[in-house]
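Residue-level structural notes
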Amino acid sequence: MKFLDEARIYISSGDGGAGCVSFRREKYIEFGGPDGGDGGNGGNVVTECVAGLNTLIDYRYRRHLRAGRGQPGMGRNRTGARGDDVILKVPVGTQIFEEDSNTLMADLTHVGQCITLAHGGNGGFGNARFKTATRQAPRHANPGAPGTEYYIRLRLKLIANAGLIGLPNAGKSTLLARVSRAHPKVASYPFTTLYPHLGVVEADEERFVLADIPGLIEGAHKGDGLGHRFLGHVERCSVLFHILDATRESVTRDWHIVRDEITAYGGGLADKTEIIGLNKIDSLTEDVIRTKVEEITTAAGKEPLCLSGVSGTGVTEAMRHILQQCQRHESDGDHETREAMEDEYAPTDQREVWHP
């Protein structure tokens, strides 16, 4: 399945049905009278967060969504049928923006959350509604109210506990394939990862979700390479695992490049807990590894974890360390923040409504 994390779609709620002009003419009703029913309400446009989806590919070609129109009223005080709702099913982590891409309408963070994006128009009143003591034979009815129509943008941000960042060809995909059942493309050239991957990692009988995003290059925050588009996928991560290629000439320069890019991107990425991993150590001697560890420790102020995604050296210890940091964030406040978010968007019998 092709990965698609952004979509622009047109939504339109249904128009209300027109009211009916009708009179009772049965021979056993002495004076008759108006009996035109009301029109039915138009259908709503609703978005629902569902399980089993991890992409917005459904909206690549389905870009116009229209709810059903309300049926007109009928005689004998019969109300027209309500228009059918149209439901947008989206994966967990989807954000809904207005067309300007800046105004956030909804953030769907768990399965079952529903948001009403556009209400259908009200049905018009039939002539029975206008009967009064001095106006006993009204001959007019209301037309139905029009629905609401506008463009929205869907943007998917994957929900993961930790995210892998680094330059292209640093070994992120190789590491993800080793520690989980994910199958990202692995090759010996840059930009083999063209879209994010998620993997579930088991460490000490605990599990956490690890996200691998395409490699960053210098100028990624300006749109260079692929990183600018996908950096949003690690905004929800509490821990960033920064992978450095130990075989490169200057690991310190590589670390600064990525740090500068996530700082320039914003979104709070620079403030997240960073764990540095020195990858591909199986290709170096002990003296060279020791020298590079000292360089990174001096530049970043923290000692890196030494590992090899190919041989598996140090991978288990690295995953345990990531798990510990994720659990620490849960206990230090991320858990309370997540609970508050879940309470805010908790599913209820009444759907939340967005008023454009």
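Described below are features of the structure shown in this document.

Conventions used here
Residues numbered from 1 in each chain as written. Predicted model: local features only at pLDDT ≥ 70, side-chain atom pairs only at ≥ 80, totals over all residues. Heavy atoms only, no water. Helix = DSSP H or I, 4+ residues; strand = E, 2+ residues; numbered from the N terminus. Buried < 20%, exposed > 50% of the residue type's maximum accessible area, 1.4 Å probe, protein only. Contact = heavy atoms within 4.5 Å. Disulfide = S-S within 2.5 Å. Core = buried A, V, L, I, M, F, W, Y, C linked by side-chain atoms within 4.5 Å. Salt bridge = Lys/Arg side-chain N within 4 Å of Asp/Glu carboxyl O. Phe/Tyr/Trp six-rings, centres within 6.5 Å; stacked < 30°, edge-to-face > 60°. Lys NZ or Arg CZ within 6 Å of the ring centre and 35° of its normal.

Quick word on the environment of E206
Inspection of the secondary structure puts E206 in strand β13 (residues 206-212). On the basis of relative accessible area, E206 is assigned to the partly exposed category, the value being 39%. In the structure, E206 is positioned 114 residues away from R320 in sequence and 9.4 Å away in space, judged by C-alpha atoms. Not counting residues within four places of it along the chain, the set of residues in contact with E206 comprises V201, L323 and Q327.

Notes on the state of the cysteines
Counting across every chain of the model gives zero disulfides. Unpaired in terms of disulfides, C114 finds its nearest cysteine sulfur in C49, a separation of 8.9 Å. With relative accessibility at 18%, the residue C114 sits in the buried group.

Observations concerning the nonpolar core
If you look at the biggest cluster of nonpolar residues, it comprises 26 residues, and the most contacted ones within it are I11, I152 and L154. The leading source of residues in this core is strand β10 (residues 149-156), at four residues. Those residues in contact with L154, other than ones at most four positions away along the chain, are D5, E6, A7, I9, L56, Y59, V90, T94, Q95 and I96. Grouped together as the second largest cluster of nonpolar side chains are 22 residues, V239, I243, I275 and M319 included.

Some thoughts on the pattern of salt bridges
Overall, the coordinates contain 15 salt bridges when judged by the stated rule. A salt bridge links D85 to R82; the shortest N-O distance between them is 3.0 Å. Given a relative accessible area of 30%, D85 falls into the partly exposed group. On the accessibility criterion, R82 (42% relative accessible area) is partly exposed. Between R207 and E202 there is a salt bridge; the shortest N-O distance is 3.1 Å. For the pair R207 and E202, one class covers both residues: exposed. It is possible to trace a salt-bridge network through shared partners that takes in R259, E274 and K302.

Focus: the packing of aromatic side chains
Counting across every chain of the model gives one aromatic pair. Here the guanidinium or amino end of R8 rests over the ring plane of Y151, the centre of that ring lying 3.8 Å away.

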